[in-house]
Amino acid sequence: MRLIGKKVDLRPIQEEDLPELIRWGRNRELQHFMDGEYPKDLGEAHQWLRQAEADRQTKLLAIVTKEDRLIGDIELVHISWRRRECELRIRIGEEEDRNRGHGADAIRTLLLYAFSSLHLERVYLRVYSFNKRAIRCYTKCGFRKEGRLRRQNDREHEIILMEVLRSQCLPSSANPAV
Ligand SMILES: CC(C)(COP(=O)(O)OP(=O)(O)OC[C@H]1O[C@@H](n2cnc3c(N)ncnc32)[C@H](O)[C@@H]1OP(=O)(O)O)[C@@H](O)C(=O)NCCC(=O)NCCS
């Protein structure tokens, strides 16, 4: 499967991608933005990949440039086929690859796939309120703020819930080739 976007493509993660993904998993700056765990060594990475491939509730994909250079990963998790909804997670690994529209293109491409091929009705995500760039990126892609969560005794880490509905989503002309 390869989903074709305007600036980036989405394809399955390959064995050769794992060292780069591990490097990002260990990166403190990235950890600051991400909620949840990413693999930090090769053993964890193999297990993570195997689990994702076997899990009907997950679609995990690499974000690559048109020259197939790995720049990030994106996933649909907790897919509920009954409720027709799922959560989206994304990271672009290196600062020099951010702010160039790659994240928004990857999200729009995956949303088109989620709504038109997987027939989901709602995609939601969680983002820290201090992560203004991510919020701007999600807003560009049609996500709207839905609510706020605050962990007990954690004033700094307010989490914003955002969602986009199939009916609200006006997909770009990205054409996912499945
Ligand atoms: C969040 C992330 C996926 C977005 O991808 P990206 O390729 O950088 O995003 P885009 O370039 O498509 O869009 C970023 C937008 O935010 C804007 N932006 C950048 N810094 C900003 C800031 N401090 N405040 C507000 N907007 C900001 C950019 O100008 C751009 O908007 P524009 O197109 O209107 O100019 C990526 O930056 C990333 O992986 N960051 C680190 C990990 C992370 O935060 N993951 C998400 C966890 S919820």
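Residues numbered from 1 in each chain as written. Predicted model: local features only at pLDDT ≥ 70, side-chain atom pairs only at ≥ 80, totals over all residues.

**Points about the overall build of the protein**
Our working rule: In this text, helices come from DSSP runs of H or I with a minimum length of four residues, and strands from runs of E with a minimum of two, each type numbered from the N-terminal end. As defined in this context, the radius of gyration uses C-alpha atoms, and a globule is described by 2.2 Å times the residue total to the power 0.38. For the exposure call, what matters is how many other C-beta atoms sit within 10 Å of a residue's own: 20 or more marks it buried, 12 or fewer exposed, and in between partly exposed, using C-beta atoms placed from the backbone.
The helix and strand tally for the protein stands at five helices and eight strands. For 178 residues, the compact-globule formula gives about 16 Å, and the C-alpha radius of gyration of the protein, at 15 Å, lands near that figure. Principal-axis analysis of the C-alpha atoms gives the protein an extent of 40 × 40 × 35 Å. Taken across its 178 residues, the protein has 30% of its residues classed as buried.

**A short note on unusual backbone geometry**
Notably, D68 is not glycine yet its phi reads approximately 70°, a positive angle. Given 11 C-beta atoms within a 10 Å radius, D68 is considered exposed. Located in the positive-phi region is H119, a residue other than glycine, with phi close to 60°. Within the fold, H119 resides in the loop between helix 4 (102-117) and strand 6 (122-128).

**A short note on the environment of V8**
Definition in use: We call two residues in contact whenever the C-beta atoms placed from their backbones are within 7 Å.
Following the sequence through the fold, V8 ends up in strand 2 (residues 8-11). A count of 28 C-beta atoms within 10 Å places V8 in the buried class. Between the C-alpha atoms of V8 and A62, which are 54 residues apart in sequence, the distance is 10.0 Å. In contact with V8, other than residues within four places in its own chain, are I63, V64, T65, H102, D105 and A106.

**With respect to the environment of R11**
Its location among the elements puts R11 in strand 2. Residues R11 and L60, 49 residues apart in the sequence, show an inter-C-alpha distance of 8.7 Å. Contact partners of R11, with chain neighbours within four places excluded, come to R2, L61, A62 and V64.

**What about helix 4?**
What counts, and what does not: For a helix, the expected span equals 1.5 Å multiplied by the number of residues minus one.
Between its first and last C-alpha, helix 4 extends 22 Å over 16 residues, near the 22 Å set by a 1.5 Å rise per residue. Across the 16 residues of helix 4, 13 count as buried, placing the element largely inside the fold.

**Some remarks on the site of the ligand**
Cut-off, in case you're wondering: Near, for a residue, is defined by distance from a backbone-placed C-beta atom to a molecule or strand, with 6 Å as the limit that must not be exceeded. Under the grouping applied here, Gly and all other residues not named as nonpolar or charged are polar, the nonpolar ones being Ala, Val, Leu, Ile, Met, Phe, Trp, Tyr, Cys and Pro and the charged ones Asp, Glu, Lys and Arg.
In the vicinity of the ligand lie 21 residues, with F33, R98, G103, A104 and K132 positioned nearest. For the shell around the ligand, the elements supplying multiple residues, two or more each, are helix 2 (28-33), strand 5 (85-92), helix 4 and helix 5 (132-140). Looking at the shell around the ligand element by element, the count peaks at six residues for helix 5. Among the residues forming the shell around the ligand, the class breakdown is nine nonpolar, five polar and seven charged.

**Focus on the sheet that holds strand 5**
Our working rule: Two strands pair under a simple rule: DSSP has to find at least two bridges between them.
Strand order in the open sheet formed by eight strands is 1-2-3-4-5-6-8-7, with mixed pairing between adjacent strands. Pairing within the sheet leaves two strands with one partner each, and these edge strands are strand 1 (3-4) and strand 7 (144-150). Across three bridges, the pairing between strand 5 and strand 6 is parallel. Each bridged residue has a counterpart across the sheet, and for C86 the counterpart in strand 6 is V123.

**A short note on the nonpolar core**
Spelled out, the test is: The nonpolar core criterion groups buried Ala, Val, Leu, Ile, Met, Phe, Trp, Tyr and Cys residues into a set whenever they are joined through C-beta atoms within 7 Å.
Counting 35 residues, the largest nonpolar core has I63, L110 and A114 as its most contacted members. Residue assignment for this core shows that the elements contributing at least two residues are strand 2, strand 3 (59-65), strand 4 (70-80), strand 5, helix 4, strand 6, helix 5 and strand 8 (158-165). The leading source of residues in this core is helix 4, at eight residues. Sequence-distant contacts of I63, defined by excluding residues within four places in its chain, comprise V8, L10, I71, G72, D73, I74, I92, H102 and A106.

**Some remarks on the pairing of strand 8**
Two elements, strand 6 and strand 8, share seven bridges in a ladder whose sense is antiparallel. From the neighbouring strand, Y124 faces strand 8, where its bridge partner is E163. Across six bridges, strand 7 lies against strand 8 in antiparallel orientation. Within strand 8, the residue paired with R144 across the bridge is E163.

**Regarding the environment of G25**
Positionally, G25 belongs in helix 1 (residues 18-26). For the pair G25 and L60, spaced 35 residues apart in sequence, the C-alpha separation works out to 15 Å.

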